[in-house]
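Coordinate inspection notes
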Amino acid sequence: MKRFAGLCVLLFAAFSLGYALRDLQEETRTQPLPPEESGTRVEVILFRGGGYCPVCDDLERNAQEALEGPLSGDVAAGRLSFRKLSLEEPENERYIETYGLFGTTLVVSLVRNGREVRFRNLEEAYRLADRPEAFRPFFLQALAPFLKEAVAP
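A quick note: this is a predicted structure, and the numbers were derived from the prediction, not measured. (Residues numbered from 1 in each chain as written. Predicted model: local features only at pLDDT ≥ 70, side-chain atom pairs only at ≥ 80, totals over all residues. Heavy atoms only, no water.)

1. As for the overall build of the chain
Counting its secondary structure elements, the chain contains 6 helices and 4 strands. Taken from N to C terminus, the helices and strands of the chain fall in the order α-β-α-α-β-α-β-β-α-α. Put simply, of all contacts in the chain between residues at least 6 apart along the chain, 67% involve residues at least 24 apart. When the accessible surface of the chain is split by element, carbon and sulfur atoms take 58% of a total near 9500 Å². (Helix = DSSP H or I, 4+ residues; strand = E, 2+ residues; numbered from the N terminus. Contact = heavy atoms within 4.5 Å. Areas by Shrake-Rupley, 256 points an atom, 1.4 Å probe, with all protein chains shown as cover.)

2. Here's the deal with the environment of Gly39
Summarising the element assignment, Gly39 is placed in the loop between helix H1 (2-26) and strand S1 (40-48). A residue is classified by how much of its surface remains accessible, and Gly39, at 29% relative accessible area, is partly exposed. Apart from residues no more than four positions distant in its own chain, Gly39 is found in contact with Val111, Arg112 and Asn113. (Buried < 20%, exposed > 50% of the residue type's maximum accessible area, 1.4 Å probe, protein only.)

3. A few points about unusual backbone geometry
If a residue is not glycine, its phi is most likely negative; likewise, a peptide bond is most likely trans. The phi angle at Asn113 is positive, at roughly 50°, despite the residue not being glycine. Among the secondary structure elements, Asn113 is positioned in the loop between strand S3 (105-112) and strand S4 (115-122). With a relative accessible area of 52%, Asn113 lands in the exposed category.

4. Some remarks on helix H2 (residues 54-68)
The end-to-end C-alpha distance of H2 is 21 Å, a good match for the 21 Å that 15 residues give at a rise of 1.5 Å each. By the burial criterion, the buried members of H2 are Cys56, Asp58, Leu59, Glu60, Asn62, Ala63, Ala66 and Leu67. Considering only its buried residues, H2 is in contact with S1, helix H3 (72-76), strand S2 (80-86), S3, helix H5 (125-128) and helix H6 (132-151). (Expected span 1.5 Å × (residues − 1).)

5. Some points on the nonpolar core
Soluble, globular proteins show a tendency: their nonpolar side chains are buried together. In this structure, Val42, Leu80, Leu106, Leu122, Phe135, Phe139 and Leu143 are the most contacted members of the largest nonpolar core, which totals 25 residues. Mapped onto this core, the elements with two or more residues apiece are S1, H2, S2, S3, H5 and H6. Here this core takes 8 residues from H6, the largest share from any one element. Apart from residues no more than four positions distant in its own chain, Val42 is found in contact with Arg79, Leu80, Ser81, Val108, Ser109, Leu110, Leu143, Phe146, Leu147 and Ala150. (Core = buried A, V, L, I, M, F, W, Y, C linked by side-chain atoms within 4.5 Å.)

6. Focus on the state of the cysteines
A full pass over the atoms with the stated rule returns 1 disulfide. Disulfide partner of Cys53: Cys56, at an S-S distance of 2.1 Å. On the sign convention where negative means left-handed, the S-S torsion of about 75° between Cys53 and Cys56 marks this disulfide as right-handed. Like Cys53, the residue Cys56 is buried in the burial classification. (Disulfide = S-S within 2.5 Å.)

Take a look at the structure:
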């Protein structure tokens, strides 16, 4: 009986691995973000799970407040945007590997002509989420090189 149970577990693992490899082949690691327009822009993306998450809410609020302050001109000009994506949606699973996600986090992405040029996973933002006075300078400093590159000819 133990052999049969072991064989069942082994077969299940083998089939699971086969499906995982098939799915991995169907998606490429360098898939671009969906093109929205030509030109260069910076996207701030909040990745979060479902359910109650106070840290997620803090990250979202702090990021949006920072974008509404000194960066509101960049937002109005279309050079800077913010969006939320759920890690529980199947179409967003590809970002887990692409950005090295392991939970709620912010990612800054430079997009040129609909293709992602580079990105930065702001893992540190999670620890600063409940301290807006520390989060804001960190966030603005992380965005600065991306915005500089977005406005450069």
